[in-house]
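# Breakdown of the fold
The primary structure of each chain is shown beneath.
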Amino acid sequence: MDGHRSGCPINLTLEVLGDRWSLIVIRDIMFGGRRHFGELMSRSQEGIASNMLADRLKRLVEAGLLSRRDNPAHKQKAIYSLTEAAIELVPLLIQIGAWGRRHLPVTPELAIRAQLLEEGGAPMWEDFMAELRSVHLGAAAPGRSVTAELQAAFEAAAARRPLALI
């Protein structure tokens, strides 16, 4: 099986994405617009260590889920982009978020995006994927910005939460 436990599609997917950090890194690039190591490091709510982040970025590039290119403004820094394979993870991440909202003690401001994406269904997912293709793959820009909608909902939910709890 070329080093794989089995040819089961779920097993093979978990071999690529089943560690503690890979989906978090993809989430931060996909939903947070973080594309540089420094942004991923400093804005990680989960507190990923720098060596772990470097390892996950390398693994995700090797797995074909991210691409890495030099930053023209600073040659020692890189810009990470989602590949088509990573963009196709949008429905999976939405379903994981929906499950988490239903079964775990989430916070309102962090759950609002999952709620909107779940309620928006496939049409919203397709619009979001088209937007990601524009940002990461250079496709034509869609008319709708799902990212802007999700950010506005997050900001509104965060504004309603007492400061002592944030």
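All values derive from a computational prediction rather than experimental measurement. (Residues numbered from 1 in each chain as written. Predicted model: local features only at pLDDT ≥ 70, side-chain atom pairs only at ≥ 80, totals over all residues. Heavy atoms only, no water.)

## Let's talk about the overall build of the chain
Summing up its helical and strand segments, the chain has eight helices and two strands in all. When the helices and strands of the chain are listed from N to C terminus, the series reads α-α-α-α-β-β-α-α-α-α. Here the C-alpha radius of gyration of the chain, 17 Å, is about what a compact globule of 166 residues would show, namely 15 Å. Across the 166 residues of the chain, 35% fall into the buried class. Excluding contacts between residues fewer than 6 apart, the proportion of contacts in the chain whose partners are at least 24 apart in sequence is 49%. When the accessible surface of the chain is totalled, it reaches about 9,700 Å², and 58% of it is carbon and sulfur. The centroid of the 20 positive side-chain charges in the chain is displaced by 5 Å from the centroid of its 19 negative side-chain charges. (Helix = DSSP H or I, 4+ residues; strand = E, 2+ residues; numbered from the N terminus. Rg over C-alpha atoms; globule rule 2.2 N^0.38 Å. Buried < 20%, exposed > 50% of the residue type's maximum accessible area, 1.4 Å probe, protein only. Contact = heavy atoms within 4.5 Å. Areas by Shrake-Rupley, 256 points an atom, 1.4 Å probe, with all protein chains shown as cover. Lys, Arg positive; Asp, Glu negative; His and termini not counted. Charge placed at Lys NZ, Arg CZ, Asp CG, Glu CD.)

## Digging into the confidence of the model for the chain
Low pLDDT marks regions whose predicted coordinates should not be analysed in detail. Scored by pLDDT, the chain comes out at a mean of 93, with 97% of its residues at no less than 70. Per-residue pLDDT, averaged within each element of the chain, yields its smallest value for strand S2 (residues 74–82) (90) and its largest for helix H5 (residues 84–87) (98). (pLDDT = per-residue confidence, 0-100.)

## Some remarks on the packing of helix H7 (residues 108–137) against helix H8 (residues 146–160)
Between H7 and H8, the shortest axis-to-axis distance is 9 Å and the interhelical angle comes to 170 degrees. On the basis of the axis angle, H7 is roughly antiparallel to H8. Two secondary-structure elements touch here, H7 through Pro108, Glu109, Leu110, Ile112, Arg113, Leu116, Leu117, Met124, Asp127, Phe128 and Glu131 and H8 through Val146, Thr147, Glu149, Leu150, Gln151, Ala153, Phe154, Ala157 and Ala158. (Axes fitted to C-alpha atoms, helices over the stretch in contact; angles between N-to-C directions. Parallel < 35°, antiparallel > 145°, perpendicular 65-115°, else oblique.)

## Topic: the pairing of strand S1 (residues 66–71)
Direction of pairing for S1 relative to S2: antiparallel, over a ladder of six bridges. Among the inter-strand pairings, Arg69 is bridged to a residue of S2, identified as Ile79. Linkage of S1 to S2, two consecutive antiparallel strands, is achieved through a turn of two residues. (Pairing = 2+ DSSP bridges.)

## Here's the deal with a nonpolar patch on the surface
Side chains of Trp99, Leu104 and Val106 sit close together on the surface and give an oily, nonpolar patch of about 300 Å² of accessible area. By secondary structure assignment, the location of Leu104 is in the loop between helix H6 (90–103) and H7. (Patch = residues over 30% accessible without salt bridge, like charges linked within 9 Å, V, L, I, M, F, W, Y side chains within 5 Å. Salt bridge = Lys/Arg side-chain N within 4 Å of Asp/Glu carboxyl O.)

## Points about the nonpolar core
Among the nonpolar cores identified, the biggest contains 31 residues, and Ile26, Met30, Leu82, Val90 and Leu117 are the most heavily contacted of them. Looking at this core element by element, the count peaks at six residues for H7. Residues within four places of Met30 in sequence aside, it is in contact with Leu82, Ala86, Ile87, Val90, Leu93, Phe128 and Leu132. (Core = buried A, V, L, I, M, F, W, Y, C linked by side-chain atoms within 4.5 Å.)

## Some thoughts on the side chain of Ser22
Inspection of the secondary structure puts Ser22 in helix H2 (residues 22–32). Of the polar contacts made by the side chain of Ser22, one reaches the side chain of Asp19; its length is 2.5 Å. In this structure, Ser22 is in contact with Val16, Leu17, Arg56 and Leu60, ignoring residues within four places of it in sequence. (Polar contact = N/O pair within 3.5 Å; in protein donor to acceptor, adjacent residues only side chain to side chain.)

## Points about H2
An α-helical turn contains 3.6 residues, so a residue and the one three or four places further along point in the same direction. Of all the positions in H2, only Ser22, Val25, Ile26, Asp28, Ile29, Met30 and Phe31 are classed as buried. The positive-phi residue at the C-terminal boundary of H2 is Gly33, with phi of around 65 degrees.

## Focus on the packing of aromatic side chains
Throughout the structure, instances matching the rule amount to one aromatic pair. Residue placement shows Arg113 over the ring face of Phe154; its charged tip is 4.3 Å from the ring centre. (Phe/Tyr/Trp six-rings, centres within 6.5 Å; stacked < 30°, edge-to-face > 60°. Lys NZ or Arg CZ within 6 Å of the ring centre and 35° of its normal.)

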